[in-house]
Amino acid sequence: MNLEKIMADLEKKNPGQPEFLQAVKEVLETIEDVVKENPKYEAANIIERIIEPDRVIKFKVQWMDDKGNVQVNRGYRVQFNNAIGPYKGGCRFHPSVTEGGLKFLGFEQIFKNSLTTLPMGGAKGGSDFDPKGKSNAEIMRFCQAFMAELYKYVGPDRDIPAGDIGVGGREIGYMFGMYKKLVGEHHGVFTGKGRGWGGSLIRPEATGFGNVYFAEEMLKTRGESMKGKIVSVSGFGNVSWGSIIKATQLGARVVTISGPDGYVYDPDGISGEKIDYLLELRASNQDIVKPYTYEFPNAQFFEGKRPWEVKVDVALPCAIQNELNAEDAQTLVNNGVMCVSEGANMPCTPEAMEIFLKAKILYGPGKASNAGGVATSGLEQTQNAMKLNWTAEEVEEKLHQIMINIHEACVKHGKDETGFVNYVKGSNVAGFIKVADAMIDQGVI
Ligand code: NDP
């Protein structure tokens with residue numbers, strides 16, 4: 001595999017898409033040996049095929065705001081690869097959404113979904129629509145307009161979207177409602193649905209729960225556990241609160257949360273009523289975490305700063321891509337961090353990742369550590385297909401086992417001769433082999 005040539009060609013074909021190029025480079029670098037050892041992959045030209053999405057659907061979304069003005073946004077669905085199952089991946093509504101960003105997320109999703117061992121291909125979608133400050137009626141009209149186009153390309157055996165940043169239960173409800181009206185069928189075309197109409201218990205907290213289960217598995221390899229650990233978490237969204245709840249349940253003390261405005265340090269730990277308050281704060285559509293310190297005065301707010309300067313045992317970045325850079329990584333390492341497990345997608349920059357790998361700390365890349373969300377979506381699809389509901393305990397038990405299995409797969413493919421586990425390599429190789437073999441089995445189509 002000529003990595004330099006592949007990357008040069010990719011850059012030429014995808015100008016102005018740095019996150020996509022970054023994600024591809026990271027995967028290709030770690031699977032180079034496997035490709036070399038297995039000539040069948042080069043013979044079938046798997047690399048060039050796997051880095052090109054099956055299709056990118058791009059469309060106009062027109063909707064009317066509360067003042068009667070017509071607004072125009074862009075909608076996307078990147079259907080990347082369906083070798084091992086129907087396309088599957090979330091929808092993101094955020095002003096930063098671009099085609100390149102969604103290609104990065106869709107590409108990552110291929111390997112993540114493969115790692116779960118469930119039959120799901122890789123996709124991602126969304127819009128540059130900003131839900132912040134919009135009324136409920138505006139959100140509904142936007143979701144309906146978005147679905148008026150997207151419904152043509154999705155279906156329970158074709159492509160099953162879900163939530164992501166800016167898309168929670170409410171948005172899924174409005175999109176599902178419009179889909180149902182247009183298609184005339186009530187089936188599991190979305191995951192993250194409401195509990196009363198096909199949703200799975202545990203789905204909202206699954207990504208965070210899975211992230212902490214993964215961290216616990218990594219810690220076990222060094223005879224450690226979450227019990228008694230001091231933990232920093234970034235963000236205060238869906239993945240953050242799931243991580244906070246599970247870390248607390250396992251006996252850790254979570255001392256930070258953050259927003260784009262800065263971070264909160266609460267030395268007493270964020271648990272119990274404080275988590276309820278966080279959920280209220282989140283539901284109020286606020287984009288700041290500072291009010292937490294008015295409610296709990298022992299906590300301090302650090303404006304414009306990130307939580308990585310706090311001395312902790314375990315760090316869980318759960319907000320957004322590239323939120324932890326080389327300087328942050330070095331600070332964490334200097335402060336003795338033993339484990340970093342990514343709740344968000346690609347929150348650590350490549351330079352930060354290098355620092356963690358060089359320091360040989362336990363570093364779980366999002367592809368593996370946050371796969372519990374999509375795994376539980378897969379479990380929701382199974383429940384829909386079987387037309388029955390599992391209890392919260394049943395879903396959580398399955399989620400826990402999946403995270404243990406993902407960890408095992410990473411160890412199998414990522415352990416070197418010194419016994420150090422490179423989870424980046426392990427997750428990429430394990431995810432890649434299954435998809436690549438399926439592509440070969442299915443021929444050139
Ligand atoms: P949410 O929108 O619920 O939460 C994101 C949180 O991060 C918000 O609190 C947001 O604040 C905060 N945030 C945004 N930008 C920054 C910033 N620059 N600094 C600090 N905090 C910031 O999204 P999710 O929790 O669902 O997703 C978070 C991450 O996890 C994303 O990378 C997503 O792709 C990934 N992920 C999510 C899964 C899921 O099941 N939801 C599954 C797998 C991965 P604000 O709202 O003010 O912007």
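Residues numbered from 1 in each chain as written. Predicted model: local features only at pLDDT ≥ 70, side-chain atom pairs only at ≥ 80, totals over all residues. Heavy atoms only, no water.

Caption draft 1: Fine view of the packing of helix α8 (residues 203-220) against helix α16 (residues 392-414). Where α8 contacts α16, the two axes come as close as 9 Å, and the packing angle between them is 45°. Classified by the angle their axes make, α8 and α16 are oblique. When you trace α8 past α16, the crossing you get is right-handed. Here A206, F209, G210, Y213, F214, E217 and M218 of α8 lie close against α16, whose contacting residues are E396, L399, H400, M403, I404, I406, H407 and C410. (Axes fitted to C-alpha atoms, helices over the stretch in contact; angles between N-to-C directions. Helix = DSSP H or I, 4+ residues; strand = E, 2+ residues; numbered from the N terminus. Parallel < 35°, antiparallel > 145°, perpendicular 65-115°, else oblique. Left-handed = near helix turned anticlockwise from the far one by under 90°. Contact = heavy atoms within 4.5 Å.)

Caption draft 2: Region of interest: a negative patch on the surface. On the surface, E273, D276, E280 and E295 cluster together into a negatively charged patch. With respect to the secondary-structure elements, E295 resides in helix α11 (residues 291-295). (Patch = residues over 30% accessible without salt bridge, like charges linked within 9 Å, V, L, I, M, F, W, Y side chains within 5 Å. Areas by Shrake-Rupley, 256 points an atom, 1.4 Å probe, with all protein chains shown as cover. Salt bridge = Lys/Arg side-chain N within 4 Å of Asp/Glu carboxyl O. Lys, Arg positive; Asp, Glu negative; His and termini not counted. Charge placed at Lys NZ, Arg CZ, Asp CG, Glu CD.)

Caption draft 3: Main features of the domain arrangement of the chain. Split by domain assignment, the chain resolves into domain 1 (3-188) and domain 2 (204-360). Taking only C-alpha atoms into account, the centre of domain 1 sits 26 Å from that of domain 2. Across the contact, 15 residues belong to domain 1 and eleven residues belong to domain 2. Summed over both sides, the interface between domain 1 and domain 2 buries roughly 1,100 Å², with carbon and sulfur atoms accounting for 50% of that surface. Broken down residue by residue, the surface that domain 1 buries against domain 2 is led by Q22, F104 and K132, which jointly contribute 41%. Joining domain 1 to domain 2, the criterion identifies zero salt bridges. For the pair domain 1 and domain 2, the number of links is three residue pairs in polar contact (both at pLDDT 80 or more). For the side of domain 1 that touches domain 2, the element with the most residues is helix α2 (residues 18-37), which contributes four residues. Considering only residue class, the side of domain 1 that touches domain 2 consists of five nonpolar, two polar and eight charged. (Domains from an automatic or database assignment. Buried area = accessible area lost by both parts, 1.4 Å probe. Polar contact = N/O pair within 3.5 Å; in protein donor to acceptor, adjacent residues only side chain to side chain. Nonpolar A, V, L, I, M, F, W, Y, C, P; charged D, E, K, R; others polar.)

Caption draft 4: Geometry of the site of the ligand. Taken together, 25 residues surround the ligand, and among them R92, D164, T207, V239 and N345 come closest. Within the contact set of the ligand, an oxygen atom lies 2.8 Å away from a side-chain nitrogen or oxygen of D164. Taken together, the elements giving at least two residues each to the shell around the ligand come down to α8, α9 (238-249) and β7 (253-259). Class assignment for the residues of the shell around the ligand results in eight nonpolar, ten polar and seven charged. Here the shell around the ligand gathers at least three residues from each of two domains, domain 1 (3-188) and domain 2 (204-360). (Near = heavy atom within 4 Å.)

Caption draft 5: Here's a closer look at the pairing of strand β5 (residues 159-162). Of the two faces of β5, the one holding D159 and P161 and the one holding I160 and A162 are both buried throughout. Sheet topology note: the strand β3 (residues 87-93)/β5 ladder contains four bridges and is parallel. Note on β5: the bridge partner recorded for Y87 is D159. (Buried < 20%, exposed > 50% of the residue type's maximum accessible area, 1.4 Å probe, protein only. Pairing = 2+ DSSP bridges.)

Caption draft 6: Structural view of the nonpolar core. Grouped together as the largest cluster of nonpolar side chains are 56 residues, with contacts concentrated most on M226, I257, Y292 and I406. When residues in this core are grouped by element, the largest group, eight residues, is from α8. Apart from the residues within four sequence positions on either side, I257 is in contact with V233, G235, F236, I244, Y263, V264, I270, L278, V289 and Y292. In this structure, V27, I31, V97 and V435 belong to the second largest nonpolar core, which totals 38 residues. (Core = buried A, V, L, I, M, F, W, Y, C linked by side-chain atoms within 4.5 Å.)

Caption draft 7: Structural detail: helix α7 (residues 169-183). Spanning 15 residues, α7 covers 21 Å between terminal C-alpha atoms, matching the ideal 21 Å at 1.5 Å per step. Of the positions making up α7, those classed as buried are E171, I172, M175, F176, M178 and Y179. For α7, the angular spread of buried residues about the axis comes to 165°, placing them on one side. Looking one or two residues beyond α7, the residue adopting positive phi is G184, at roughly 80°. (Expected span 1.5 Å × (residues − 1). Arc of directions from axis to C-beta.)

Caption draft 8: Spatial organisation of the environment of V24. Tracing the backbone through its elements, the reader meets V24 in helix α2. In the structure, V24 is positioned 324 residues away from C348 in sequence and 15 Å away in space, judged by C-alpha atoms. Beyond its immediate stretch of four places on either side in the chain, V24 contacts M7, L10, I51 and F107.

Caption draft 9: Highlighting the sheet that holds strand β6 (residues 230-233). Strands sit in the order β9-β8-β7-β6-β10-β11-β12 across an open sheet of seven strands; the sheet is mixed. Since the sheet does not close on itself, it has two edges, and those belong to β9 (300-303) and β12 (362-364), each with one partner. Across the sheet, the axes of successive neighbouring strands diverge by a mean angle of 15°, strand direction being ignored. Relative to strand β8 (residues 262-265), β7 is paired through four bridges, and the arrangement is antiparallel. If you follow I257 over to β8, its bridge partner there is V264. α8 rests against β10 (314-316), β11 (339-341) and β12 of the sheet, and its axis sits at about 150° to β11.

Caption draft 10: Representation of the side chain of N73 in the model. With respect to the helices, strands and loops of the structure, N73 is situated in strand β2 (residues 70-81). Overall, the relative accessible area of 14% leaves N73 in the buried class. A distance of 3.0 Å separates a polar atom in the side chain of N73 from a polar atom in the side chain of D128. Contact partners of N73, with chain neighbours within four places excluded, come to F59, K60, V61, W63, S127, D128, F129 and F142.

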